[in-house]
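# Chain and residue survey
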Amino acid sequence: MPEFDLAIRGGTVVTASDTVRADVGVRGGRIVAVAEGIADAARVIDASGLLVLPGGIDSHVHIAQDSGPGIVMADDFASATRAAAAGGNTCVMPFALQPRGASLRGAVDAYRARAEGQCHVDVAIHMIISDPTEAVLGQELPALVADGYTSFKVFMTYDDLVLNDRQLLDVFHVARRQGARVMVHAEGYDAIRYLSERLERAGETRPYGHALSRPEIVEREAAHRAISHAELIDLPIVIVHVSGREATEQIAWAQGRGLKIRAETCPQYLTLTAEDMKGLGQDDPMAGSKYVCSPPTRDVESQEAVWSGIRRGIFDVVSSDHCPFRYDDPQGKLNPRGKTSFRWIPNGIPGIETRLPVFFSEGVSKGRISLNQFAALSATNHAKLYGLYPRKGSIAPGFDADLTLWDPNRRETIRQANLHHGSDYTPWEGFEVTGWPVMTIAGGQVIAEDGRVLSEPGRGRVLDRAVDPAERREA
Ligand code: URP
Ligand code: ZN
Ligand code: ZN
Ligand code: ZN
């Protein structure tokens, strides 16, 4: 019997802290050795010339989520996790959404049932709380946290999700007692409504109106308000999908005061701009809707402000916020109402498969961040923030054998035709990258190689998590 099930030989192992030439030995789905000269293995993979990175963890994706009347998300669990695997990811974290008036437990159980048996990579489920009733806050949420659903997102905008300030405070209070991790979508509902109605009255209904209705000041105000509420309750929160300079400055200010504010951004805020929503150079007046997401993408100056925030350690994670709709589809971006106004274009863009190459290329290959920062921002910090560490997120004995072999020199052009997601377009069509995931290994099995997904749905599991008892504090 060979000592190891799998040996990955001759690569450069990159973690959040180290870059070393070493072999990796795997047994029973876990890493059991990182050392020189590992050879006695049932299967040996030659990684010379390649980086061995922790498998990507994407802690903010939307999969098979109910998206409003007549609107259908373009990915189910099988297609989203297939795309994730092809893009170098070994774990993703989607959201079980509580509709208003419904039980949170019911929403979580139904969502988990959708995922079971369908996934190519491991999945850990966050919740979205839209209706924080006494029953939800008093019974359902504490029980769900105890059952392993230890994180949830709240919204400061969207008609059917927005919480008012009192509700945010009540939810934060319960999160503090339970030790749960709260993600905040920070955009101010009333200001957006005010601007949207003015734009519509002025006849500005095209997709670009979306950007005009949600300027950075709207995000800055909400970020500041969320930070203030978090300070009042003394709760560490994560401000997700930060889009530009204004919100970044609020977070830097809060961190400078010693507040436990964490932050996420996404590749779209580092590479795309609001101009994309104008659909310039295209005959189709709705083409800009392919880029409609919230917060909207900004401008080049704002991109640089976010990069600067990444370099200064203000951001913990870079996620995709994958939220796929089909473009050429009456149930997606081109739904009948969406053609009448930007307000009815479903928000969100696909990005689960392109997150790592775009971020690596713009970050590492262009010299903005180190390899170790890439590992931290694409995997390690996600695991630490959301209760998956030290099971996932690094390369050391005891961790799941979730690894991505990466060719740092390979040049590719992103093309929809090569992607595996359920959407019919990518916002990065024609985008050139240097650096590419050439093999994805999950639980010690090769699940994707050179754009081909080799695993079967059901290989990935739905993971339960536990809170750190030190984070459970009476409020
Ligand atoms: O536009 C976006 N980001 N849609 C997904 C939902 C969200 O707010 O993250
Ligand atoms: Zn959001
Ligand atoms: Zn999202
Ligand atoms: Zn209390």
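Residues numbered from 1 in each chain as written. Chains lettered and ligands numbered in written order. Predicted model: local features only at pLDDT ≥ 70, side-chain atom pairs only at ≥ 80, totals over all residues. Heavy atoms only, no water.

### Points about the overall build of the chain
Within the chain one finds 12 helices and 22 strands. Taking 23 Å as the expected radius of gyration for a compact globule of 475 residues, we find that the chain reaches 21 Å, a close match to that expectation. Dimensions of the chain, computed from C-alpha atoms along their principal axes, come out at roughly 70 × 55 × 40 Å. Each of the 475 residues in the chain was classed as buried or not, and the buried ones make up 62%. Relative to all contacts within the chain whose residues are 6 or more apart in sequence, the contacts with residues 24 or more apart total 78%. Accessible area of the chain: about 17600 Å², with a carbon and sulfur share of 47%. Counting 51 positive and 62 negative side-chain charges, the chain places the averaged centre of each group 2 Å from the other. (Helix = DSSP H or I, 4+ residues; strand = E, 2+ residues; numbered from the N terminus. Rg over C-alpha atoms; globule rule 2.2 N^0.38 Å. Buried < 20%, exposed > 50% of the residue type's maximum accessible area, 1.4 Å probe, protein only. Contact = heavy atoms within 4.5 Å. Areas by Shrake-Rupley, 256 points an atom, 1.4 Å probe, with all protein chains shown as cover. Lys, Arg positive; Asp, Glu negative; His and termini not counted. Charge placed at Lys NZ, Arg CZ, Asp CG, Glu CD.)

### Regarding the UniProt feature "modified residue: N6-carboxylysine" (unreviewed entry) in the chain
Following the UniProt record, the feature "modified residue: N6-carboxylysine" (unreviewed entry) maps to Lys153 here. Mapped onto the secondary structure, Lys153 falls in strand E13 (residues 151–155). Excluding its chain neighbours within four sequence positions, the residues that come into contact with Lys153 are His60, His62, Phe95, Met127, Ile128, Ile129, Met183, His185, Val240 and His241. In terms of polar contacts, Lys153 uses its side chain to reach the side chain of His60, at 3.5 Å. (UniProt positions renumbered as here; feature names shortened; annotations may be inferred. Polar contact = N/O pair within 3.5 Å; in protein donor to acceptor, adjacent residues only side chain to side chain.)

### Remarks on the pattern of salt bridges
Oppositely charged side chains can form a pair if their charged atoms are brought close together. Overall, the coordinates contain 39 salt bridges when judged by the stated rule. A salt bridge links Asp147 to Arg105; the nearest nitrogen and oxygen atoms lie 2.8 Å apart. Here the residue Asp147 occupies a position in the loop between helix H3 (134–146) and E13, and Arg105 occupies one in helix H2 (residues 104–115), the gap between them amounting to 42 residues. Using a relative accessible area of 38% as the deciding quantity, one classes Asp147 as partly exposed. A salt bridge links Asp464 to Arg112; the nearest nitrogen and oxygen atoms lie 2.9 Å apart. One end of the pair, Asp464, is in the segment after strand E22 (462–463); the other, Arg112, is in helix H2, with 352 residues separating them in the sequence. Residue Asp464 is classed as partly exposed on the basis of its relative accessible area of 43%. (Salt bridge = Lys/Arg side-chain N within 4 Å of Asp/Glu carboxyl O.)

### Some remarks on the coordination of the zinc ion (ligand 3)
Coordination of the zinc ion (ligand 3) by the protein comes from His60 (NE2), His62 (NE2) and Asp321 (OD), over a distance range of 2.0 Å. Considering all four donor atoms around the zinc ion (ligand 3), the spread of angles at the metal, 90 to 128°, places the coordination shape in the tetrahedral class. In primary-sequence terms, the residues that donate to the zinc ion (ligand 3) follow H-x1-H-x258-D. Between the zinc ion (ligand 3) and the zinc ion (ligand 2) there is a metal-metal distance of 3.8 Å. (Donors = N, O, S within 2.8 Å, 3.2 Å for Na, K, Ca; no water. Tetrahedral: all angles 85-135°; square planar, octahedral: opposite > 155°, others 65-115°.)

### Considering the packing of aromatic side chains
Across all of its chains, the model carries nine aromatic pairs by this definition. Judged by centre distance (6.0 Å) and plane angle (15°), the ring pair of Trp307 and Phe359 falls under stacked. Here Trp307 is found in helix H10 (residues 300–311), whereas its partner Phe359 is found in helix H11 (residues 355–365), with 52 residues between them in sequence. The same class applies to Trp307 as to Phe359, namely buried. Put simply, the rings of Trp307, Phe359, Phe360, Phe374 and Trp406 touch in pairs and so form one group of aromatic residues. (Phe/Tyr/Trp six-rings, centres within 6.5 Å; stacked < 30°, edge-to-face > 60°.)

### Observations concerning the coordination of the zinc ion (ligand 2)
Protein coordination at the zinc ion (ligand 2) comes from Lys153 (NZ), His185 (ND1) and His241 (NE2), with a distance range of 2.0 to 2.2 Å. Overall, Lys153 belongs to the buried group, its relative accessible area being 1%.

### Quick word on the site of ligand 1
Around ligand 1, a shell composed of 13 residues is seen, among which His62, Lys153, His185, Ser294 and Asp321 lie nearest. In this structure, an oxygen atom belonging to ligand 1 sits 2.7 Å away from a main-chain N or O atom of Ser294. Within the side chain of Asp321, a nitrogen or oxygen atom sits 2.6 Å from a nitrogen atom of ligand 1. For ligand 1, the accessible surface in isolation is 260 Å², of which the surrounding protein chains cover 95%. (Near = heavy atom within 4 Å.)

### A short note on the state of the cysteines
Summed over all chains, the structure comprises zero disulfides. Free of any disulfide, Cys119 has its nearest cysteine sulfur in Cys91, 10.0 Å distant. This cysteine, Cys293, is not joined by any disulfide, and Cys266 carries the nearest cysteine sulfur, 7.9 Å off. With relative accessibility at 2%, the residue Cys293 sits in the buried group. (Disulfide = S-S within 2.5 Å.)

### Comments concerning the pairing of strand E19 (residues 432–442)
Most of E19 sits inside the fold, with nine of its 11 residues counted as buried. Pairing analysis gives eight bridges linking strand E18 (residues 403–413) to E19, with the strands arranged antiparallel. Residue Thr413 lies in a different strand from E19, and its bridge partner there is Glu432. In terms of strand pairing, E19 meets strand E20 (residues 445–449) through four bridges, oriented antiparallel. When the sheet's bridge partners are listed, Thr440 is paired in E20 with Ala448. Between E19 and E20, which pair antiparallel in sequence order, lie two residues; one of them, Gly443, sits at a positive phi of approximately 55°. (Pairing = 2+ DSSP bridges.)

### Examining the UniProt feature "domain: Amidohydrolase-related" (unreviewed entry) in the chain
Residues given the UniProt feature "domain: Amidohydrolase-related" (unreviewed entry) here are residues 51–446. Helix makes up 36% of residues 51–446 and strand makes up 16%, while its end C-alpha atoms are separated by 16 Å.

### Brief notes about the nonpolar core
Nonpolar side chains tend to gather and get buried jointly when the protein is soluble and globular. Within the largest apolar cluster, 81 residues are counted, with the highest numbers of intra-cluster contacts made by Phe152 and Ile237. When neighbours within four sequence positions are excluded, Phe152 is seen to be in contact with Met127, Ile129, Leu141, Val171, Ala175, Ala180, Arg181, Val182 and Met183. Listed in part, the 25 residues of the second largest apolar core include Ala211, Leu272, Met286 and Tyr291. (Core = buried A, V, L, I, M, F, W, Y, C linked by side-chain atoms within 4.5 Å.)

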